[in-house]
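Chain by chain, the residues run as shown.
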Amino acid sequence: MAPERRGRAVGRRTYLRFAGAATASAMLAGCLEGEDPDDPEDPDDDADADDVETDDVDEADDDVETDDDDTSVTITQGQFASTLDPQDHRETPTDNVILQAYEGLLDREPDGTIREGLATDWEYIDEEEGEVRFEFRDGVTFHNGDELTMEDVAYSILRVVDEDVGIVSPQADQLAGVVDAEPDGDDALVVTSDGVNPMVFNNFASYCQVMQESWTEEMGDEVGQDINGTGPYQLDEFTEDEFARFVVYDDYWGDEVEVEEVVYDSASESSTRVNSLLAGESDVVESVPPQDAPRVEDEDGTTIEAVPSTRVLFMPMRNNVEPFDSVEFRQAMNYAIDLETIIDEILAGFGDATGQPTLEGYTGYNEEIEPYPYDPEMAEELVDESGYSGAEIELHAPAGRYLGDIEIAQAVSGYIDDLPNVSCDLEQREFSSLADEILDGDLDTSPEFFMIGWGNTTFDASQTIIPWFGEGTATQAFVDEEVYGLIEEAQNEPDEETREGTLQETNEYLNEQAPWIFLNRQYSVYGISDRLDWEARQDEHILAREMGLQ
Amino acid sequence: MLTDRTKRNLKRELRHSLMAKVALVTAVLIFLVALFAPFIAPYDPTTQELAGSNLPPLGVSTTTETTAMVDGEMTRVEEEVAGTTAHPMGTDALGRDMLSRVIYGARTSLLVGIIGTALAAVSGVSVGMVAGYYGGKVDDGLMRFADIMLAFPALVLAIALIAMFGSGRLLVPDPWVELGLVADRPERFVFPGTVTLVVALVNWVWFARIARGEALSVRGEEYVKAARSIGASDSYIIRKHVLPNSVTPILVLATIQVAAIILLESSLSFLGFSGTTLSWGFDIAQGRDRLATSWWIASMPGLAIVVSVVSINLLGDWLRDALDPGLEGAGGGGGA
Amino acid sequence: MSLVRFVLRRVLQGLFVIWGVITVVFLLRFVTPGSPVDAVAPLDASPELRARIAQELGLDQPIYVQYFDYLFGLLQGDMGYSYISGTPAAVRVFARLPATIELAVAATLVALVFSIPLGVISATRRHKPADYAATSFSLVGISTPNFWLGIMLILIVSVNLGLLPTSRRPIGLLPALELLVFQLEVSGVRTWLAHMILPALTLGTYFTALIVRLTRSGMLDELGKSYVRATRAKGLPETLVRYKHVLRNTLIPIVTILGLQLGTLIGGAVITEFVFSWPGLGTLVINAITSRDWTIIQGSLIVIGAGFVIVNTAVDVLYATINPQVIYD
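Residues numbered from 1 in each chain as written. Chains lettered and ligands numbered in written order. Predicted model: local features only at pLDDT ≥ 70, side-chain atom pairs only at ≥ 80, totals over all residues. Heavy atoms only, no water.

Colleague: Kindly report on the overall build of chain C, identifying the contributing residues and their values.
Modeller: Counting secondary structure elements, chain C contains 14 helices and two strands. Across the 329 residues in chain C, those meeting the buried criterion constitute 58%. Considering only contacts within chain C whose residues lie at least 6 apart along the sequence, 74% involve residues at least 24 apart. Total accessible area computed for chain C in this model is approximately 14,100 Å², and 69% of it derives from carbon and sulfur atoms. (Helix = DSSP H or I, 4+ residues; strand = E, 2+ residues; numbered from the N terminus. Buried < 20%, exposed > 50% of the residue type's maximum accessible area, 1.4 Å probe, protein only. Contact = heavy atoms within 4.5 Å. Areas by Shrake-Rupley, 256 points an atom, 1.4 Å probe, with all protein chains shown as cover.)

Spelled out as C-alpha cells, the structure:
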C-alpha cells in the first residue's frame, strides 16, 4: 500500500518525489505488514520520502491478519473515519478511530459519569465569570516522544473555539461559552468563559482532544492524515477510507492495556459486516440489523450486545424555505408517519419513539411531551391549512450510517407520499457528503429536508439544542428568535433547577414548532466475538483500552 | 426498408427455430407488460404496508426469526409465514408488492433500453456514414475519436458523467392514469434522463463503426457513382443509397444493444446513480441486505432482468441468422 | 511492412489514444457545471483554500498553459491533490491498482480455462445435448448482470453453504506469496484464494459465456472451410484436424475481440468490486463519485483508459508476432 504511516504521511510538497516510487509501493498494496513501533520519529516528511520507499520493499514480513494473533482486535464500523484530525469533524465513526490515540482533559465512565482524563483535578475559580482551573498529571508524552505542555492544551482548546487559531473548527459549539485558555504554571490551566458556564466540565468530559501545538502547525494540511496523540495506542498504518491500525504505545501514562493491536475498518452494507463477524474476520461490528441478529446469536463464538445509545434520529426541515416555513406543514409531517409501526417493524423494537430533541434521562427532558400520534387525516388537514397543498418535497437520507437508516427514510417518505396532498421523494446520499453539506456552517447549502442522527454524550439537553437551534452553529437547521432567547437564558443560569426548567420549556416549545420529524432514540446493536470481554457504552464509543481478552 | 427477400428469410428462420419463437413471444409480452403496467400490476408499486413486510413468494413458507427489543429485553421472536396469492412474488422490507415492482421496473428498463439505443443508433450511424462516405481526414479524425471513446469502459464513463451532471430525472405523467382509465396507481414515473443520454453516448461508437464500414464498401459502387454524376447531393445519396444498404447489420446491432443497455441501466440503478427508485437494479440493491432472510427481494428483479435480456439476445440471434446468411448457426459477437 | 515497423506504428497509435484519453479527461473539467474549483474543493472549503486551489489548477492562466501543466504533471506521476480526501490522487489510485489487476487476471483465467473446451465441445457435438447445454449456458451467461450473479453466489455459496467468505480482500497476492516464500506460511495464499474465488467467478462468467459463443461459431465456420475437408480427405485422424488447424484459426480472431472487450471486463470489475467490497479501482471510483472527489475520478479514468490501451496494444503486438501475416493486411 501507499505508505501512510505515523510521521510519514506524504506531504503535498513531497509526493512528487514519492510518485516515482509509486509503482514499487503499489506492488505491496494491501500488504498488512507491521512496523517497528519504536521506529524513531521524524516529523520532517521531506527528509523521509526516500526511506519510505526502501522500508516498504524490505519490510513485507510479519503477520497477516489472521486469527492466530490473539492480542489483535478488528473493529468494523458502517462508516470509516473521514479524517484523523480530531477537531475537524463531527462524526462518531471518526471519533471512534481517533479516540484510540487522542485523549481529552476529562473522560467518562461507560455509564456516563465524569472521570479523570489528562487532568486529575478540576474546579471553579469563579462561577459567575465561568473561570475554571484544571490540574494535569505528570509524565504524559505524545507519541513522538515529546512531553505534553500546558501550551499544547491551551492551543488545542483555542483551535476549537477561536477561528483565528489553526482551523475553523466545526466543534466550536461543543465548548459553548469558552473563550480563552491560559497556562497557570507547568501543570495547570485556566479556562475562561464569557460568563456563567454550567456545562463547562460536562463538555470537556465529552469533547476536545489534546494535540501538540508544534506538530499540528508543522503538519499543516496533513493533520488529517496522521496522528500524534497521548493515548494508549499509536497509529501504525492508515489507508484513507479503508483501515487504520494502531499498536500499543509503550510510554503511555496510564494502565497497561490487554489488546495490543487494534484494526479499524468499515463496511457500509450491514450484511458484509455481519458476514465478516461470522467468518472471524472482525471482532466487533456495529449496527447489526434485527433480522440478522439471530444468525449472530446462533453462531458459536459470537453474541449480540444492545444498549440504548445517546443518539437521537430525526429529520430536520429548514424553516427558511417553502413549504417548511409553515408550522402547520411541519406538524403535518409528524402526524403523517406511523412512528410506532416503524420502530416495531423496521427496528424490531430497537428504538424508543421521541417527541422532543432531548432524550429521556437527560437534564432538561420534558416528561409531559408525548411523541406525535399517527393521524393521516389530521396531517392532510394541516397541510391544507398551511396553504402548501400539492407540495413536492425531497428527503435526503444516508445509507448505512445508522441502524435501519435507509429503511426508516423510505418508510417515512412512503407515509408522506401516501398523503393525498403532498408528494415526497427520497434521495439516498453517501453519509460523508451529506454531513459535509450540513456541517459547513452555511444553512443554505444544507438540504431542505434530511435525515440525521445526533449523539449527545453530555446527558444534558443543551448539547442537542444549541448545535441545531443556536445562532450560527455549524449544524444550525432552524431559525427562530424565541429559541435563541431560551438558549441564552439556560446558558447563563447558574441555578441548576431554574436552568432545567428553562430547558424543559425549550423542549416543549420545540415540540410545538415541530422543527424536525421526530424519530427514535437509536440503539447500538453490536455483534461481538466471544474472545472479547467488553461492555458496550452508551455513547457509542468503541474503545480498545476498555476491552479484555478471554 | 426491409426487402422481400429478408422478410422471407426472417419468416423461414422463425419457422425453423423454436428459440426464436419463444424469444419473440417473450419480448412482445415484456413490452406489453411495460406499456400497460398500471392495468397489470395488482398494487401500486410504491404503496407500503409495514405490517405485511418480507412476505415470501407464493408456494414458499419460511420461519422468520427476529431478535426484538420487547419492554427493554432482547427477545427471540419466531414467526411462520407462507406466501399467498395476494403477493405472488412476495413483498419487500417495506411491504411493497414485489410483482407490481417487477412489472413497473420493466418500464424503466425498456424505456432506457429502447430510447438509449435509438439515440445511439441515430448519432452513431450519422457519424459513421459521414466518416465512411467522405473518407480521408474526416474519417481519420472521427475514427480516432471513436478509438478514444472505446478506451473508457462504458460503465465507468457512465458513472463519471452522471456524477458530473446529476441524475437528470424527468417526471413523466403516466398516460393511462392521466386518461382516467386506471386509478390508485402512480400518476407519474421517473424517466432517468442522464442515464439514457449517457448510455447512448457510450454506445454510439459501435454503430459508427458498422455504418462506416458499410458506407466505405458502398462508396465505390457503380450506382453511387452514377447518382453522383447526375448531380445528386451527398445527403441524398447517403439517405437513398448508402443507408438502406446498411439497415440489416444496424438492426442486428441495435437489438443486441438494447440488451446491453438494459444490463448497463440495471448496473447504474443498482449503484443508486440512476435517480429512479422503481427499477430492477435498484430493487436488487435493496434486497442485498436481506439476502440471508428474505432472498426473494433481490432474486425476483434479477430473474426479470435475465429473462428479458435472454429473450432480446435470442431475438438478436434470430435476426442475425436470418439476415446475415454468411454466418451459420447461433453465434457471433455478444453484447458490447 | 516489417514487424519492427508494425510494432512501432501500433505503439505510436496507442500513445496517441492515451494522449486523447488524457485530453478528454482534462476537458471534462470544464464541462462540469460550476467552476472547476467546485469539483476539487471540499464543500466546506474556506475562501482561502478555494483561492489556493484555483491557483494550483492555474485557472488564472490561459487554457493551453493549464493543459500543458497538467500533461507535464502527469508525466511526473502527479495526478493532482485530492483536497477532499487529503491525499495526492496518484497515491490512492496506484495503491488500489494491484487489487483490480489481480481480479481482472483471475477472471480472465477463469474464462479461458472453462470457455475454450466448452466451445470446442459445443461445435464438434453440434445439435447434441452437450451443445445445447453449452449454448444455453453461454446465452444466460451473457444475459446475467454480474452484480446479481455476485449476490446470488454470495447467497448460495457463502450464506447458505458457508463455504467461502462473502467479501473483502484481507491480503494481497504479493504479500501472500512473500509469506509463502520467506516464512513457508500458506495461510496468506489460502486467505487470498478463498476471497478471490467468488469475485473471479462473478466477473469471469460473462467472458466465459462470450468466448464459448465465439469459439463455437468460429469453429463451425472453420470446419466448413475447404482446407478442412481437404485434410480430412487425406485421412488425417479427425481429432488432429480438429485441434491443430481449426482451433488455431479459430482462436486468432478471438484474441482481438477479447482485446476490445477489455473495456467490458474493467467495467464489470468496477461493479464486481462494489458487490464484494473489493478494495480496487472500481470501489475507489464509486466512492470518489459519491463524495464528489473529481481529482480521484480524473486520475482513475486516466489509469483505466491507459491500461485498456496498453493491454490492447500488447495483444496486437503479440498477435502480430505469432501470426505475421496480419502485418500485411
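Colleague: Run through the nonpolar core, naming residues and quoting values.
Modeller: Counting residues in each nonpolar core, the largest one holds 168 residues, and the members touching the most others are I159, F207, L268, F270 and I284 of chain B together with I151 and L301 of chain C. Both domains that furnish three or more residues to this core are identified here as domain 1 (3–75) and domain 2 (96–322) of chain C. In contact with F207 of chain B, not counting residues within four places along its chain, are T117, A120, A121, G124, V125, I250, L253, A254 and Q257 of chain B. Membership of the second largest hydrophobic core comes to 90 residues, among which are F314, Y415, W454 and W516 of chain A. (Core = buried A, V, L, I, M, F, W, Y, C linked by side-chain atoms within 4.5 Å. Domains from an automatic or database assignment.)

Colleague: Hey, could you go over the interface of chain C and chain B for me, with residue numbers and the actual values?
Modeller: Opposite the 52 residues of chain C that make contact, chain B presents 50 residues. Buried surface at the junction of chain C and chain B, both sides included, amounts to about 4,400 Å², of which 77% is carbon and sulfur. Its largest share of buried area at the contact with chain B, chain C owes to F147, W148 and R213 of chain C, together 13% of the area lost on that side. At the junction of chain C and chain B, the tally comes to one salt bridge. Among the salt bridges present, the one from R213 of chain C reaches D317 of chain B, with a minimum N-O distance of 2.8 Å. Where chain C touches chain B, the interface holds four residue pairs in polar contact (both at pLDDT 80 or more). Residue assignment for the side of chain C that touches chain B shows that the elements contributing at least two residues are α1 (3–31), α6 (129–143), α7 (146–160), α9 (187–223), α12 (262–275), α13 (281–290) and α14 (294–322) of chain C. (Buried area = accessible area lost by both parts, 1.4 Å probe. Salt bridge = Lys/Arg side-chain N within 4 Å of Asp/Glu carboxyl O. Polar contact = N/O pair within 3.5 Å; in protein donor to acceptor, adjacent residues only side chain to side chain.)

Colleague: Would you mind going over the domain arrangement of chain C in detail, with residue names and values included?
Modeller: All names here are of chain C. Examined at the domain level, chain C breaks down into domain 1 (3–75) and domain 2 (96–322). Facing the 17 residues of domain 1 at the interface are 17 residues of domain 2. In this assembly, domain 1 packs against domain 2 so that about 1,400 Å² is buried in total across both faces, 76% of it on carbon and sulfur atoms. Linking domain 1 with domain 2 are one residue pair in polar contact (both at pLDDT 80 or more), by the criterion used here. Broken down by secondary-structure element, the contributors of at least two residues to the side of domain 1 that touches domain 2 are α1, α2 (36–40) and α4 (63–75). With 13 residues, α1 is the largest single contributor of residues to the side of domain 1 that touches domain 2. Looking at the side of domain 1 that touches domain 2 residue by residue, the classes come out as 14 nonpolar, one polar and two charged. (Nonpolar A, V, L, I, M, F, W, Y, C, P; charged D, E, K, R; others polar.)

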